Amino acid sequence: MTQQTSVKAIVIFDIDGVVRDVSGSYRRAIADTVEYFTTQAYRPTSLDIDQLKSEGVWNNDWEASQELIYRYFETQEQTREQLQLDYNAIVAFFQSRYRGPDPNNFTGYICNEPLLLQPSYLKQLTKGGIAWGFFSGATRASANYVLEKRLGLESPVLIAMEDAPGKPDPTGLFATVRQLENGIEQKSAIVYVGDTVADMYTVKKARNLDYSRIWIGVGVLPPHVQETAARSDAYGETLIAAGASIVLRNVQELTPRQIQELLTSST
């Protein structure tokens, strides 16, 4: 066995835009929320939302909704101090659209999210000796809904919104790694797969704090940007500029062979 192939790899996935398509759910809920709190004066487009998220600090969609509301009113020459938006009211409205009005029974947009990977893909990684888990800014309930109920995974390693500070803070990424390594002495190379600038910044920050192992950021183009080649190219360039080593059109293109190639080029 060569030195390159002896490097153990762990793949950690973001969920939204990687495991599930959220263009008609989370992003739709953002648009609904902004429209509601601007009294129907402004409904952000998907490009508006992408531009906000390209700043790398708006991974939390509740905070992103609030920021878009603030920015709209600033164009109307109203200050944030004048507005005093009720963040809890924004969250409640967002959740009523995304989850549905019943907090104990999901009936909202979450129910119609297309899946972007299949359980067979994860089995392929396991067969290739690659450990995997999830680090997401989604709430634990929302993340488990897709991982356990829809994909049928049994207690997957997951660090969710409630478990760590929001990205690009790498605390949650480190926590996911610790759970997957589970005390083994050999340090693995870490591949983090995400669809936003914040995801790539998270990998950069992790690398700066722990340079004793390989950290690789893999970008995935979320479905909503793949409608035109120009938008796909522009989005991919943004992810590369933010630190992605490679950008894929679908997460399942990250095969064990592709992972090995990334590790070889990084050593």
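About the cut-offs
- Residues numbered from 1 in each chain as written.
- Predicted model: local features only at pLDDT ≥ 70, side-chain atom pairs only at ≥ 80, totals over all residues.
- Heavy atoms only, no water.
- Helix = DSSP H or I, 4+ residues; strand = E, 2+ residues; numbered from the N terminus.
- Rg over C-alpha atoms; globule rule 2.2 N^0.38 Å.
- Buried < 20%, exposed > 50% of the residue type's maximum accessible area, 1.4 Å probe, protein only.
- Contact = heavy atoms within 4.5 Å.
- Areas by Shrake-Rupley, 256 points an atom, 1.4 Å probe, with all protein chains shown as cover.
- Lys, Arg positive; Asp, Glu negative; His and termini not counted.
- Charge placed at Lys NZ, Arg CZ, Asp CG, Glu CD.
- 1 Å grid on protein atoms, 1.4 Å probe; cavity = no way out; pocket = protein on both sides within 12 Å on 5 of 7 lines; lining within 4 Å.
- Points joined across faces, edges and corners; volume = space filled by probe spheres on them.
- Nonpolar A, V, L, I, M, F, W, Y, C, P; charged D, E, K, R; others polar.
- Pairing = 2+ DSSP bridges.
- Salt bridge = Lys/Arg side-chain N within 4 Å of Asp/Glu carboxyl O.
- Axes fitted to C-alpha atoms, helices over the stretch in contact; angles between N-to-C directions.
- Parallel < 35°, antiparallel > 145°, perpendicular 65-115°, else oblique.
- Core = buried A, V, L, I, M, F, W, Y, C linked by side-chain atoms within 4.5 Å.

**As for the overall build of the chain**
For step 1, the next point in the chain: Check the secondary structure of the chain and you find 11 helices and 6 strands.
For step 2, the next point in the chain: Compactness check: the chain gives a C-alpha radius of gyration of 19 Å against a globular reference of 18 Å for 267 residues, within 12% of the reference.
For step 3, the next point in the chain: Taken along its principal axes, the extent of the C-alpha atoms in the chain is 65 × 40 × 35 Å.
For step 4, the next point in the chain: Looking at the chain residue by residue over its 267 residues, the buried ones come to 52%.
For step 5, the next point in the chain: Looking at the chain alone, contacts between residues at least 24 apart form 71% of all its contacts between residues at least 6 apart.
For step 6, the next point in the chain: Of the roughly 12500 Å² of accessible surface on the chain, a fraction of 49% belongs to carbon and sulfur atoms.
For step 7, the next point in the chain: Positive and negative charge centroids in the chain, built from 25 and 32 side chains respectively, lie 6 Å apart.

**Here we look at empty space enclosed by the protein**
For step 1, the next point in the chain: Applying the stated criterion across every chain yields a total of 2 cavities of 30 Å³ or more.
For step 2, the next point in the chain: If you go around the largest cavity, you meet 20 residues; those closest to its centre are Asp-16, Tyr-26, Lys-53, Asn-59 and Asp-61.
For step 3, the next point in the chain: At the level of secondary structure, the elements contributing two or more residues to the lining of the largest cavity comprise helix H1 (26-37) and helix H3 (61-75).
For step 4, the next point in the chain: In terms of residue count, the dominant contributor to the lining of the largest cavity is H1 (3 residues).
For step 5, the next point in the chain: Grouping the constituent residues of the lining of the largest cavity by class yields 6 nonpolar, 7 polar and 7 charged.
For step 6, the next point in the chain: Approximately 30 Å³ is the volume found for the second largest cavity.

**Looking at the pairing of strand S1 (residues 9-13)**
For step 1, the next point in the chain: Burial runs high along S1: 5 of the 5 residues are buried.
For step 2, the next point in the chain: Going residue by residue along S1, you find Ala-9, Val-11 and Phe-13 tucked away on one face and Ile-10 and Ile-12 tucked away on the opposite face as well.
For step 3, the next point in the chain: The pairing of S1 with strand S4 (residues 189-194) spans 5 bridges and is classified as parallel. Bridge pairing in S4 places Ile-10 opposite Ile-190.

**Points about the pattern of salt bridges**
For step 1, the next point in the chain: Tallying each qualifying case throughout the model produces 19 salt bridges.
For step 2, the next point in the chain: Notably, a salt bridge pairs Asp-16 with Arg-20, separated by 2.7 Å at the nearest N-O pair. With respect to class, Asp-16 is no different from Arg-20; both count as buried.
For step 3, the next point in the chain: We note a salt bridge from Glu-261 to Arg-257, for which the minimum N-O separation is 3.7 Å. Highlighted residues: Glu-261 and Arg-257, both in helix H11 (residues 256-266), separated by 4 residues, approximately one helical turn.
For step 4, the next point in the chain: Look at Glu-261 and you get partly exposed, because its relative accessible area is 42%.
For step 5, the next point in the chain: On the accessibility criterion, Arg-257 (65% relative accessible area) is exposed.

**Description of the sheet that holds strand S5 (residues 215-220)**
For step 1, the next point in the chain: The strand order across the open sheet built from 6 strands is S3-S2-S1-S4-S5-S6, with neighbouring strands paired in parallel fashion. The open sheet terminates on both sides in strands that have one partner only, identified here as strand S3 (158-159) and strand S6 (246-248).

**Here we look at the packing of helix H2 (residues 46-53) against H3**
For step 1, the next point in the chain: Contact geometry for H2 and H3: axes closest at 11 Å, N-to-C directions at 105°. Regarding the angle of H2 to H3, the classification is roughly perpendicular. The segment H2 lies against H3, with Ile-49, Leu-52 and Lys-53 engaging Asp-61, Ala-64, Glu-67, Leu-68 and Arg-71.
For step 2, the next point in the chain: Class assignment for the residues of the contact of H2 with H3 results in 4 nonpolar, no polar and 4 charged.

**Quick word on the nonpolar core**
For step 1, the next point in the chain: By size, the foremost hydrophobic cluster in this structure holds 59 residues, and its most contacted members are Phe-13, Val-19, Phe-134, Val-193 and Leu-254.
For step 2, the next point in the chain: Ignoring anything within four residues of it in the chain, the contact list for Leu-254 reads Val-11, Tyr-121, Leu-125, Val-191, Val-193, Val-218, Leu-248, Ile-259 and Leu-262.

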